[in-house]
Structure formats: C-alpha cells, structure tokens
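Residues per chain, in single letters:
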Amino acid sequence: MEKILATTITKATVYTDRALVTRTGTVSLNGAEQFLILEHLPTTIDAESLRVSGRAPVPVKILSANLELKRFKEPVAEKVAAVTAEIEELEQQQHRQQIQIETAQMQNDFVSGLRLKMEDAMARSLPRQKVNLTDTVNFLDFVGSKFSEYALAIEDHRRQQKELTKQLEVLRSRLKSFSNRNAKESYQLQVHIENSAETELHLEVSYVVLQASWKPLYDLRIDTVTKKIELSYLAEIQQRSGEDWQDVRLTLSTAKPGLGSLPPQLEPWYVDVRSTVPIGAMMVGGGLAAPAPATTMRMRRAALAENDDYESTDFVEAETVQAVATESGGVVNFQIVGGGNIPNDGTPYKTTIYRNELPIELVHIAMPKIVSFPYLQAKIRNPSDGVTLLSGRANIFRDGMFVGTSDLKNIAPNQEFKLNLGIDERIRIDRELVERLADKKFLGGNRRVTYAYRIKVENLQAQPVTLEISEQIPHSRNEKIKVKLLKSSPETPLRELGRIDWPLALAADQKLEVYYQFSIEHPEDIQIVGLNI
C-alpha cells in the first residue's frame with residue numbers, strides 16, 4: 001500500500017558550490033502502509049547523498065529508500081484559461097477601437113464633403129455680399145477645428161489599436177508555448193517502511209543539491225583618525241536547485257565537500273629538451289602598474305551625511321542583524337537569524353553574517369621616482385577569536401569616501417593582511433636632480449659621472465604619519481660599469497638591485513628632506529643604455 005507524503009523544506013546548509021537540504025513531514029499510519037511516496041524532488045539531487053530517518057511513538061522500520069526519475073507535464077489548464085480570457089478582453093478592446101476609428105473617419109469625410117460643397121457657393125456669394133466675411137471666417141474655423149479633431153482622434157485610436165496588437169502577440173505566443181511545453185523530469189522518492197500498529201511518523205529526508213552557492217562580499221570602512229576598521233562580512237546566496245526555499249533555517253558553511261576527503265596525488269613532472277626555440281622566447285617583460293587617477297580618489301561625501309538638520313535630529317540608528325558564527329575543526333558555520341527565503345531563480349540574496357571593529361596600522365608608501373604622491377596602506381590582523389575570511393570582493397571606504405574595490409584572499413584568524421587605500425594628497429613630495437657632475441679627467445681610461453637627488457617631504461595633516469620612501473640607483477648588468485652609492489641622508493644601506501628605503505616618522509605639519517648621491521664609472525669607449533636620468 002502506498003501513501004503520498006507531503007513534506008516541506010525546513011533547513012538548508014549552503015556551501016560555496018552546493019547545498020544540503022532537509023525536508024520534514026508527518027504522516028499518520030494505520031499499520032497497513034508499505035511505501036511512502038515523496039513527489040517532485042529536483043533533478044539536481046546528488047543521489048549518493050540521500051539520507052532518510054524518522055521517529056514515531058512505536059517501532060517503525062525504514063527498510064529502503066529509492067529515487068526514481070519521473071516525467072510529467074506541468075498542469076497548465078488554469079494558466080491557459082487565464083491567458084485566453086486576457087486575449088478575449090483585448091480583442092474586444094481592439095474591436096471597440098476599430099469602431100471608434102470608423103466613426104471618426106465617417107465624421108471626417110462628412111466635414112470634408114461639406115467643405116467642398118460650400119467652398120464654391122461662398123466664393124460666388126461673397127462678392128455679391130449675400131454672405132458676409134464674418135460668416136465665412138466662422139465657417140472656415142468650424143471646418144478646420146472639426147477636421148483636426150477627427151484626424152487626431154483617428155490617430156490616437158490607431159495608436160491604441162497598435163499597442164493592443166503587440167499585447168495580443170505576446171499573449172498568443174504564451175498560449176502557444178503551453179501547448180508545445182515538453183514534459184519535465186523530477187525525482188520521486190519511495191521509502192519502504194514496516195510498521196504493525198497505528199502511529200504518527202515524523203520523517204526527515206536530507207540530500208545535497210547542486211546549482212546552489214554562496215560567496216562572500218566585504219564592506220571595509222577605515223577611519224584614519226581613530227585608526228580603526230569596521231569590517232562587514234556579507235554573504236551573497238543564490239540557487240537554481242529546482243525548488244524554492246521558503247522560511248527555512250538557513251546556514252552558510254565554509255566547508256568544501258566538493259573537494260573530497262582524500263588528498264590529491266602528485267603526478268610525474270617531466271622536463272625535456274625543446275626541439276626549436278621560438279624568437280623572443282628568452283625575453284622577459286615587466287613593468288609597474290600605472291597609478292590610479294587622482295580624480296578617482298576625490299569622491300565627495302554624500303550630501304545627506306553633511307546635512308546639519310539630520311545630524312541634529314534625535315534618530316536611533318537602525319541595527320543590522322548578523323548571523324551566529326560557530327567554528328569546529330577549521331570550518332565556520334553562519335546560522336542566519338530569522339527565516340531564509342531564497343527563490344529558485346538565481347536572484348542574489350544578500351545578508352550580513354559577521355561584523356567587527358579592528359585596530360589598524362597606517363603606513364604611507366612613496367616611490368617619488370614614479371609618482372609624486374604617496375599611497376596609503378593599512379595593516380590589519382584578523383583576531384585569533386575572529387572568523388575565517390574567504391576569498392571575495394571587498395568595497396573599500398576611507399573616511400566615508402569610496403576609494404575602490406579589492407580582492408581579499410583567504411585570511412585565517414590571527415593572520416595579518418594589508419589593504420591599499422589609494423593615494424593621499426595630504427603629504428606633499430617633491431623630487432629634483434640637484435647634481436650631475438662629469439669628471440674632466442679620465443681615470444685609467446674610465447669616465448665617472450656623479451648624480452645627486454633631493455626629495456622634500458611635507459606632512460600637511462594635523463596628525464603624525466609613518467612614511468616609507470623607496471628610491472633606486474642603477475644596477476649594473478656589465479662588469480665594466482661600476483655603480484656606487486656615495487652618500488645617503490638619512491643614512492641607509494643599499495639593498496638588492498639598487499633599492500634604497502627610508503622609514504620616516506613625520507609629525508603634524510613637519511617638513512623633511514632626503515638626499516642621496518651615486519656615481520657611474522665606465523670605459524670611455526662604451527655607451528650606456530637604460531640610464532634615463
């Protein structure tokens with residue numbers, strides 16, 4: 001004996017590429033049932049993931065559970081009737097418009113005929129003073145106004161009729177699609193049970209569905225005065241699993257069940273001799289990204305935030321409810337507060353799952369050789385009691401201004417990460433060549449040229465800042481060319497590939513100077529390329 005069991009989705013745990021769905025239902029058994037049937041389950045189910053359990057006041061055995069693919073046609077009788085009624089109503093409206101057009105056309109033809117008949121008679125009577133000029137003008141005004149009125153009415157009715165024709169085409173196409181609709185597929189679950197007494201069985205069915213996912217999004221708001229960041233961790237959830245999730249207990253998980261439980265295996269890594277070497281195969285390219293235009297960093301605060309009326313009004317700020325986070329074995333689960341409603345249409349659903357305020361360390365990075373302004377960088381440590389931040393897109397705001405977006409990588413608790421916050425024009429940097437001196441005499445057949453640069457730095461802010469200046473001197477790739485750093489002030493060592501770094505601490509409104517001098521010595525008979533001084 002079979003019995004159809006109605007179930008509803010009560011829980012959904014969403015992973016980054018799938019979801020675990022739980023259905024529950026209660027059925028009254030009289031002791032004669034052998035099979036419980038669950039219909040119209042989605043075809044995105046991973047059949048291997050199916051699990052069935054239940055509980056009842058008396059012993060009930062679940063002997064087996066089998067999924068079977070079924071084909072069915074969606075019931076469309078009600079939809080066909082509704083669309084047919086719409087078509088009939090629009091056809092009646094279109095018929096009424098046609099009557100209006102014909103009536104207005106008849107009136108217009110009558111006025112045109114009257115004009116032709118009266119035109120000649122009035123032309124003969126006017127010189128004989130049988131008809132005065134005023135009567136003539138009044139007649140012409142009457143004919144003109146009526147002709148215009150009927151012509152405009154005809155045009156308006158035809159426009160409405162054309163619009164009705166478009167609507168009818170859409171409805172007729174929809175009606176045709178109902179008749180051509182192919183049969184759909186869905187799973188039917190058959191649960192084989194064994195019970196010997198009347199009871200009430202609470203059945204729970206869980207399965208994994210594909211085409212469901214969530215991805216992290218971040219809003220990062222940095223306050224450079226308080227040196228804090230407000231980190232808002234959001235989730236964007238969407239699904240096309242084949243069934244709507246209505247008022248379900250929604251959980252988001254950072255686990256990755258799709259990767260499997262076994263570690264990957266390394267395959268042999270072979271190298272061989274290339275038979276031919278294409279032209280340019282040994283060339284190595286590189287370069288520096290162009291700095292962002294200053295205009296993109298000068299976005300103004302919204303007018304509402306600057307409105308004194310709003311600031312003075314006693315409002316209570318709306319509270320954003322966030323998820324309850326739990327962690328176990330390196331996997332973080334976010335339990336969404338309140339019921340989750342995710343339709344089966346792929347529409348993104350966004351919710352805040354975590355929020356925290358963290359201290360930051362601000363550092364200005366400057367490369368005066370390339371750009372004349374510094375870039376602001378924030379160093380942040382994800383607290384040890386924080387949550388794992390998955391890779392995702394982050395919107396970055398600095399002091400209320402949007403400065404851009406960035407891609408965050410996976411950040412574990414207690415891990416430090418950096419954020420680039422764009423340029424900061426409140427620090428002025430000027431770099432100038434102050435010396436270029438060539439020796440008049442050649443030492444041992446070599447020529448030596450000395451260069452010196454001065455970099456002026458001014459902090460225009462009302463608070464101290466940390467500034468890291470990086471410069472470079474040429475790096476020789478030929479033993480005949482000798483490059484030496486002669487002097488640096490403040491004194492700093494020369495790093496690899498000719499790089500020079502100065503970590504500076506600038507007080508509010510403070511000015512500093514950085515100076516360095518280097519020489520290039522080479523034989524007189526060779527020509528240096530790549531100097532670009």
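Refer to the structure above for everything that follows.
The structure displayed is predicted, hence computed values, not measured ones.

**Q** Looking at this structure, how should I read the pairing of strand E3 (residues 19-29)?
**A** Regular strands have side chains that alternate between both faces of the sheet. By the criterion of burial, E3 is predominantly enclosed, with eight of the 11 residues buried. Here six bridges tie strand E2 (residues 8-14) to E3, and the two strands are oriented antiparallel to one another. Along E3, the bridge assignment pairs Lys-11 with Thr-22. Hairpin geometry of E2 and E3 is characterised by an intervening segment of four residues between the two adjacent antiparallel strands. Examined bridge by bridge, E3 and strand E8 (residues 199-209) share 11 bridges and lie antiparallel to one another. When the sheet's bridge partners are listed, Ser-28 is paired in E8 with Glu-200.

**Q** When you look at the packing of aromatic side chains in this model, what are you seeing that I'm missing?
**A** Two numbers describe a pair of aromatic rings. These are the distance of the centres and the angle of the planes. In this structure the tally under the stated criterion is nine aromatic pairs. When the ring of Tyr-453 is compared with that of Tyr-516, the centres are 5.6 Å apart and the planes differ by 20 degrees; the resulting orientation is stacked. Taken as a pair, Tyr-453 in strand E21 (residues 446-459) and Tyr-516 in strand E25 (residues 511-523) lie far apart in primary sequence, 63 residues in all. Note on Tyr-453: relative accessible area 7%, which makes it buried. A centroid spacing of 5.9 Å and a plane angle of 40 degrees characterise the contact between Trp-502 and Tyr-516, whose relative ring orientation is tilted. With Trp-502 in strand E24 (residues 499-506) and Tyr-516 in strand E25, this residue pair connects regions lying 14 residues apart in the sequence. You can call Tyr-516 buried: its relative accessible area is 0%. Connected via pairs of aromatic rings, a cluster forms that spans Tyr-451, Tyr-453, Trp-502, Tyr-516 and Phe-518. One residue, Arg-431, lies across the ring of Tyr-453, its end atom 4.0 Å from the ring centre.

**Q** Can you help me understand the pattern of salt bridges in this one?
**A** Side chains that differ in charge, positive against negative, can pair when their charged atoms come close. Counted under the stated rule, the structure contains 19 salt bridges. For Glu-513, the salt bridge identified is with Arg-454, shortest N-O distance 3.3 Å. Placement of the pair is Glu-513 in strand E25 and Arg-454 in strand E21, with a sequence separation of 59 residues. Residue classification places Glu-513 among the partly exposed positions, given a relative accessible area of 46%. Residue Arg-454 is classed as partly exposed on the basis of its relative accessible area of 25%. Each of Lys-215, Glu-236 and Lys-350 takes part in a single network of salt bridges with overlapping partners.

**Q** Would you explain the side chain of Thr-388 in this entry?
**A** Secondary-structure assignment places Thr-388 in the loop between strand E16 (375-381) and strand E17 (392-398). Assessed through its relative accessible area of 14%, Thr-388 is described here as buried. Not counting residues within four places of it along the chain, the set of residues in contact with Thr-388 comprises Tyr-233, Val-332, Ile-411 and Pro-413.

**Q** It is not clear to me how the sheet that holds E21 should be interpreted in this structure. Could you clarify?
**A** On the basis of which strands lie adjacent, the open sheet formed by four strands has the order E20-E21-E25-E23 and antiparallel pairing. The strands lining the two open edges of the sheet, one partner per strand, are strand E20 (427-438) and strand E23 (482-489). Each strand axis lies, on average, 15 degrees off the axis of its neighbour in the sheet, ignoring direction. Bridge count between E20 and E21: 11 bridges; the pairing is antiparallel.

Conventions adopted
- Residues numbered from 1 in each chain as written.
- Predicted model: local features only at pLDDT ≥ 70, side-chain atom pairs only at ≥ 80, totals over all residues.
- Heavy atoms only, no water.
- Buried < 20%, exposed > 50% of the residue type's maximum accessible area, 1.4 Å probe, protein only.
- Helix = DSSP H or I, 4+ residues; strand = E, 2+ residues; numbered from the N terminus.
- Pairing = 2+ DSSP bridges.
- Phe/Tyr/Trp six-rings, centres within 6.5 Å; stacked < 30°, edge-to-face > 60°.
- Lys NZ or Arg CZ within 6 Å of the ring centre and 35° of its normal.
- Salt bridge = Lys/Arg side-chain N within 4 Å of Asp/Glu carboxyl O.
- Contact = heavy atoms within 4.5 Å.
- Axes fitted to C-alpha atoms, helices over the stretch in contact; angles between N-to-C directions.

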